[in-house]
Amino acid sequence: NDRLGHQTGDALLIAFADRLELARPTDAEVARLGGDEFAVLIRNHGDDPQHLVRKMHAVLTQPLVIDSFPITVGVSIGVARVHQDAHTTTDLVRAADTAMYKAKRTGGTFALYDRSARTHQHGRLNLLSELSAALDDHQLHLNFQPQLRMADGRVDTLEALVRWVHPHYGPIAPSEFIGLAEQTDLIDPITVQVLRTATQGVMAGGISARLAVNVSPRSLEDAEFVNTILSIVAEAGLAPHQLELEMTERELVRQPERTKYAIEKLRSAGVRIAIDDFGVGYSSYQTLRLFDVDRVKIDREFVQGLLASDKDRLIVSSLIELAHALGLDVVAEGVESQGVWNALRELGCDVAQGYGIAVPMDYVEMRRWFADWSETYGGTPLHQRPTA
Ligand code: C2E
Ligand code: CA
Ligand code: CA
């Protein structure tokens, strides 16, 4: 959908469904569960399920020709067995989903449901259904990670990063559930909760640094959401210019008209906008062309290659130059060593963030760190300090 348009996306789904009809055993039932997910109900006559699934997988991953374009789709299959793995339809679909998720994560082609590993794997249906409860039960927590100004080492921004501490599975990384939440309506309440908790925390702590919150540009496609953001900020009593919203370029260009309008409205209210993970999307230049923003955050992939690769160094240096020419400031993500810090300084980067400076901390730790840092180092140029 993002790369070739919805029409091609629809045509692909139809062609894939036809292919699935061909690939299935004759007495199997085929259904679409929604989005890009399909279910196949196979009556097993004693065949080896692995053999069957492997055969289907081979057929399904042959390129499909859409508008005379060959398109190859990745297919992950999860297998669950009636009786062995589940007794109800709901449980069966969930078990298959859990197995599918495992196949996806391990980069394999398919996975069988493994009952004994239940606590170590969570399928997307499981996670999604538990996520809304997690919101109400306060299972979502915030960490904060500082971003330092490279010129004087002052704390420029604290980025709020969400954590889900699940009562059974333990901590679940945002990469495992934010993407899922973005495909449903759940992302909005998550953003609201993060924004509310973070703005109130910053106010309660009397923190002078800027606050950065990650926002899915998908949320901004709904014009009302901008008002929601602004009213949360007003409720907390935070000055709008103390808030920065980070958005990835990948998502920004999905609905450029609407997103552009939302961004303009936010910026005219004083809220700053940063482009996150800059450089790794498909449309970095297009993003800069279409949207007026305040800051770019160079993706850590480039930053981490800085010392080892001349190419990465050149890319980072020209990204910095380009951003500056456009009047934007630049944050480098993923700064893990003094060497990278020094190299970035030389290249004229404005702000740095990374494990080498500070890891994400919970609210209490962050306040302690912030107080210590400001007292000890606030105002001392960083290159004159023992470590960064
Ligand atoms: P991000 O916005 O790029 O956030 C920075 C991520 O990089 C964080 O991972 C952070 O822990 C990690 N990181 C920081 N410094 C370093 C470093 O020096 N080296 C390396 N290797 N990693 C570093 P985290 O917390 O797991 O977050 C992952 C992603 O989840 C975030 O990437 C962001 O896209 C998303 N996310 C997190 N919180 C939220 C949220 O509240 N709302 C939304 N929509 N997305 C969120
Ligand atoms: Ca971010
Ligand atoms: Ca990032």
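Residues numbered from 1 in each chain as written. Chains lettered and ligands numbered in written order. Predicted model: local features only at pLDDT ≥ 70, side-chain atom pairs only at ≥ 80, totals over all residues. Heavy atoms only, no water.

Trainee: Please explain the overall build of the protein chain as it appears in this structure.
Mentor: Along the protein chain, the regular secondary structure elements total 15 helices and 16 strands. The principal-axis extents of the C-alpha atoms in the protein chain amount to approximately 75 × 45 × 45 Å. Taken over 388 residues, the protein chain has a buried fraction of 46%. Sequence separation of 24 or more characterises 65% of the internal contacts of the protein chain that already satisfy a separation of 6 or more. Carbon and sulfur atoms make up 51% of the accessible area of the protein chain, which amounts to about 19,500 Å² in all. If you average the places of the 38 positive and of the 53 negative side-chain charges in the protein chain, the two averages end up 2 Å apart. (Helix = DSSP H or I, 4+ residues; strand = E, 2+ residues; numbered from the N terminus. Buried < 20%, exposed > 50% of the residue type's maximum accessible area, 1.4 Å probe, protein only. Contact = heavy atoms within 4.5 Å. Areas by Shrake-Rupley, 256 points an atom, 1.4 Å probe, with all protein chains shown as cover. Lys, Arg positive; Asp, Glu negative; His and termini not counted. Charge placed at Lys NZ, Arg CZ, Asp CG, Glu CD.)

Trainee: Mind showing me how you'd approach the side chain of His57 here?
Mentor: Residue position: His57 is located in helix α2 (residues 49–60). Apart from residues lying up to four places away in sequence, His57 is in contact with Val75, Ile77 and Thr109.

Trainee: How do you make sense of the coordination of the calcium ion (ligand 3) when you look at a structure like this?
Mentor: In an ideal octahedron of six donors the angles at the metal are 90 or 180 degrees, and in an ideal tetrahedron of four donors they are 109.5 degrees. Looking at the calcium ion (ligand 3), one finds its protein donor set to be Asp276 (OD), Asp277 (OD), Glu333 (OE) and Glu333 (OE), positioned 2.0 to 2.8 Å from the metal centre. Written as a sequence motif, the donor arrangement for the calcium ion (ligand 3) is D-D-x55-E. The metal-metal distance between the calcium ion (ligand 3) and the calcium ion (ligand 2) is 4.2 Å, with Asp276 serving as a donor to both. (Donors = N, O, S within 2.8 Å, 3.2 Å for Na, K, Ca; no water.)

Trainee: Honestly, unusual backbone geometry in this entry has me stumped. Any pointers?
Mentor: Outside of glycine, negative phi angles account for most residues, and trans bonds account for most peptide bonds. A positive phi angle is found at His138, which is not glycine, with a value near 60 degrees. With respect to the helices and strands, the residue His138 is situated in the loop between α4 (124–136) and β7 (140–149). Using a relative accessible area of 59% as the deciding quantity, one classes His138 as exposed. One non-glycine residue, Asp277, lies in the positive phi region at around 50 degrees. As for its position among the elements, Asp277 is in strand β12 (residues 272–278).

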